[in-house]
Each structure stands twice: as structure tokens, then as C-alpha cells.
Amino acid sequence: MRVRADILRTYQGVHTWTGIIAGLVLFIGFYAGSLTMFKYELADWSKPVSAPVLTPHAHNYQALIDQAIAHYPAQMSHGFSLDLLTDKAPLSWYSQGTARGMKLDNQLQTLYLNAQNELVIQQQSEHKLADLIDYLHRTAGFAGEIGHDQSGVYILGVAAILYFLALVSGVIILLPTLVKTFFALRKEKGASRVWLDSHNLVGIVSLPFHFIIAFTVVIFAFHDLIYGGLTQFYGDEPLFQRGTPAAQSYHIDKLPSLEKQLLAAKNYAPGYEPIHISFSRLNSAMPSAVLKMSNNAAVVRGPDTDYLFLNPYTLEVVNSSYPQGEDSQWGNFVASLFSLHFGTYGGEWGRWGYFMMGLFGALLFYSGNLLWVDKRLKKAPNKRSTRFMAHLTIGVCFGSMLGVAVTLLVAKWSNLYIENANYSYLYSYYLVFFSFVTYTFVKGTQPASFWGLIGLVVLCASMGLSTLIHAVLTEDYFKYYSSTGVDISAAVLAIIFYLSAKKVNNKSTSYSMISTS
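If you're wondering where the values come from, they're calculated on a predicted model, not measured in any experiment.

(A) The arrangement of the overall build of the protein chain in detail. For the protein chain, the count of helices and strands is 19 helices and 10 strands. Taking all 517 residues of the protein chain together, the buried fraction comes to 44%. Summarising the internal contacts of the protein chain: among those between residues at least 6 apart in sequence, 66% fall at separations of at least 24. About 27,500 Å² of surface is accessible on the protein chain, with carbon and sulfur atoms providing 62% of the total.

Right, here's the structure in full:
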């Protein structure tokens, strides 16, 4: 296909500058996003291993609820949650904080029935490692809030718009030579050509994935503005209907059995399995029960499940996130958008696919910045702006990866000795991130690249080593340990980072030999 030279130059400029402006933010979003596919596995890996206290599906949850209401009526009527899959304490409520937001000092009261059918209550801090990984994915680490959402969400929304422009312009640039160079990795033409060919190959092969992510990020970031813009069509009628309060307040003593609650949910959504239920405002005129409904064969709205909203007394379905056939085209469309972004389809293969595409997406932005830096350094080796961008690229990309790796190790060890380790996660990430960015600007890109990779090798290898040390310190550790996949993945990444470090070292050695000859 032939494209005029002036058009190609225009789109080359668009592709370059949109990629440069948004690339580093998107690198963090994609790298952390790939980890969110297994954020609960990572969180479980970091927690101390202990014996289960009950067997899910065989536990008498109704007896647990009845005893909890009898002993703690005020707390239970305010609201409580019941996890139907955990082998730990299944019932809990917040003694400090709420489920909304990213509060690191949340405290939970957890309850279960022991073998003698006695109620056991314990207080613990809410474990926020999975939420912090997701926070990094959604905000790229930018702190602060705008309105009721994090500022980083809006920054990533703007970056996604630029990202979409970069995708379109990149395709137009490649059109004239796409067929000829699609799978070409021309090693004989030097490292820069290999980076360019790899960049183009990754971008084109995963193009549908990137279009989906760009579009959905914009929707998620600016949904309030979008909904606000729809008011001209809806007028005074609310876009989302709220339930009407009852004529009189309900009371928790009249709460129908859990079996009836779950049966009502299953009847409404055949094929779905309730795995978690949260009650709130049980002594009021507007009580609520929110059920997480799992179906591995369905396209779901949430990151893991669909949601069903019940009146826990009348068992009436107030709302749901389910696509409802031909009468809910918009519901089907919105559910598809959520599922396509979260990767909640395709089972384990889908999760691993999104994990890999997230990592390749991060590589796409990293290689794009390196290509821009390399091209300009050849033209003007001492140009300050180019060198600044080179330092920022290495510092931000490696700093974010090192920060996450250190945070995982800190979580693994701090949970053994600290009641609330959430703050240690937050501090360790930002400390490592900003320290490495500073190190890059002081020492230069070549040493920072090499030692950054070596640091990742050591940290990834230390994850498996930490598990072995914990096994030595804890009796019957592997009897209850279920995070072997995390250790194996960390070992594979350690090997990849080691091979990359060798290449960087060989490259720096060859440069030093040329400069001294």
C-alpha cells in the first residue's frame, strides 16, 4: 500500500510525541496491570501460612450468623460480610474504616465457629497488598484525589487518549512496508533495528488488545463526565434508578435464612454461584445485600464476578450487573467492555494471556522510548533534553519494577512481625522508585540499566528463597502452602532478567573497548 511521504511524516510526528508523552505512565499501568491478573495469588503468597479453621461448603454458616447476631447485634445490624469460599474466618465486619477507598488502617473483626461450635472472634488489619497493586495499575502511582477519584485515574485517562492516537498513527506508518517486514527481526542491521522490528511486531500482533485497553481506560477514567453529558437526554430522570424506602424499618431479628438469600440469587441467575455476600443497613428502611456471583463460562461485569443487589428481607432483586438478553443491549455492551478490560473470560488461559500481553504492552512503551532516545542521541549526543528523557525512561521503568518486587518481599516478611503492614508496602514502593530514579540521573543510563536488571534478578530469586526460609521456620508449611506458581514465575523472570543483564553488560563492554581504541 502506498502512502504519500508528507502524510507519513505527519503521522510519524504524531506517533512519536504521543508515545513519548504517555509512554512512561502507560508502562507502569501495563506492568502493574499484568500483575493484577494474579493479585490475589500474590497477596496469598505474602501472608503467613496457617492451617485452615473450617472447610468451605461444609461449614454451618447459618449457625455462625445466628450466634454472631445474638452476641453482637449492633455490629451485625450495621453490616457484615460472609465469604463462602475461604477456609479462614468467613464472617467479618469493619471495626474501623469501610470497604470503599484505599484506607490502609482498616480493621476487621473476623468470626468463625470452632470444632466445638463455639464462636471465635479475632481482630486483624485488612490486608491491602492486592489493592495496592491494583491502585498502581489504575493510577501509575500518582497520589492525590480529584473529586471522589484518584488524580492518577484521570492522568491515565489522558494518557489512554494519546495512546489511541499513537496506535492509529503507528499503523499508518507501517502500512507501506507491513507485509514485507511484519515478522522480520533484522539482527544483522544492529541493535536499534532489532528494537524497532520487535516494537513493530509486538504492536501489530497485539493491536486489538491495545485498542480495547485504550478505549476502556478512557471510559473508566471519564465515566462521570460521560454520564453527566447524558443528562440532556434523560432530563430530570435519574440515569440509575434507586430503590424506594419501605414504609417502616426492618429489623435483623426478622432476617430470612442465608439459604433463602442464596436460593433467590441462584433462581435469578441460573448457572451462577454465590461466593460472597455483604449485608448493610439491616435495621433500616433500605437494607441491602450485595452478592458476588461467579461463573467461569460467562462474560462478567466486575474484575472477577458479577454483582446482584437484593433486598435481604423481601428477597426482591433491586439491581444487577447481568446482561439480560435482547432487552438489555446496553447492559450487554457495558458488561463486554468490563470483561474485555479485566480479562474475565477464557479461564486460566485468558488470565495468562492477559498477563503476557500486559508485559508485552509495557515492553512496547519501553522500546518506543528507547528508539526515540537512540535516534536523537545519534544526531545530537549532548542534547540535554534527550539525555533527560533517557534517564527518565530507565529510571521510571526499572524503578517501578524494582519498587513492586521490593514491596512483595517486604510484604512476605513484614506480615510475620507487624500487625498492620500496609504502610510498609506503600513506603517501600515509593522509596525504591524515587531512589532508583535519582540513581539513574546521578550514575547514567548504562550502569542503571545493568544494576537495575541485576537488582530484579536478586529480588525475583529472593522470592523463592523467602518461601524456603519460611518453610524451615514454620512446621507443616508446605502442607498448607498454595502459592508455588508465584515462586516458579519469579524464578522464570529472574532468568529472563539475568540474560538481559548479560546483554547490557556485553554492550557496555564493547562500547568501552571502542572508546579506548
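(B) Focus on helix α5 (residues 129-139). Among the 11 residues of α5, 9 are classified as buried, and the element is accordingly described as predominantly covered. Buried residues of α5: Leu129, Ala130, Leu132, Ile133, Asp134, Tyr135, Leu136, His137 and Thr139, and no others. Two residues or fewer past α5, Ala140 is found with a positive phi of approximately 60°.

(C) View of the pattern of salt bridges. Counted according to the given criterion, the structure contains 8 salt bridges. The closest approach of N and O atoms between Arg351 and Glu41, which form a salt bridge, is 2.9 Å. One end of the pair, Arg351, is in helix α14 (residues 347-379); the other, Glu41, is in helix α2 (residues 39-46), and 310 residues separate them in sequence. Among the salt bridges present, the one from Asp134 reaches Arg138, with a minimum N-O distance of 3.1 Å.

(D) Molecular detail of the nonpolar core. Within the largest apolar cluster, 77 residues are counted, with the highest numbers of intra-cluster contacts made by Phe27, Ile28, Tyr163, Phe398 and Leu408. When residues of this core are assigned to their parent elements, the largest contribution, 14 residues, is made by helix α15 (residues 384-417). Setting aside residues no more than four positions away along its own chain, Phe398 makes contact with Tyr366, Phe436, Ser449, Gly452, Leu453 and Leu456. Ala63, Leu64, Ala68 and Ala265 belong to the second-largest nonpolar core, a separate cluster that totals 36 residues.

(E) Main features of the packing of α5 against α15. Orientation of α5 relative to α15, taken along the N-to-C sense of each, is 170°, at an axis distance of 11 Å. Taken together, α5 and α15 sit at an angle that is classed as roughly antiparallel. Contact residues: Leu129, Ile133 and Leu136 in α5; Val404, Thr407, Leu408 and Ala411 in α15. A breakdown of the residues in the contact of α5 with α15 according to their chemical character gives 6 nonpolar, 1 polar and no charged.

Reading the values: the criteria
Each residue is numbered by its place in its chain's sequence as written, counting from 1. Local features in a predicted model are, by the rule used here, given only for residues with pLDDT of at least 70; side-chain atom pairs are given and counted only at 80 or more, and totals for whole chains, interfaces and linings are based on all residues. To obtain the side-chain values, all non-hydrogen atoms of the structure were used and water was disregarded. Numbering of helices and strands runs from the N terminus; a helix is a DSSP stretch of H or I covering at least four residues, while a strand is a stretch of E covering at least two. The classification of residues rests on relative accessible area computed with a 1.4 Å probe and restricted to protein chains. Under 20% of the type maximum is buried, over 50% is exposed, and intermediate values are partly exposed. For this analysis, residues touch if any pair of their heavy atoms sits within 4.5 Å. Per-residue accessibility takes into account occlusion by the displayed protein chains alone, with areas from the Shrake-Rupley method and a 1.4 Å probe. The term salt bridge refers to a side-chain nitrogen of Lys or Arg lying within 4 Å of a carboxyl oxygen of Asp or Glu. Nonpolar cores were defined as sets of buried Ala, Val, Leu, Ile, Met, Phe, Trp, Tyr and Cys residues, with membership established by side-chain atoms within 4.5 Å. Every axis in this analysis is a line fitted to C-alpha atoms, fitted for helices over the stretch in contact. Angles between the N-to-C directions lie between 0 and 180 degrees. Convention used here: angles under 35 degrees read as roughly parallel, angles over 145 as roughly antiparallel, angles from 65 to 115 as roughly perpendicular, and any remaining angle as oblique. Amino acid classes used here: Ala, Val, Leu, Ile, Met, Phe, Trp, Tyr, Cys and Pro are nonpolar; Asp, Glu, Lys and Arg are charged; the rest, including Gly, are polar.

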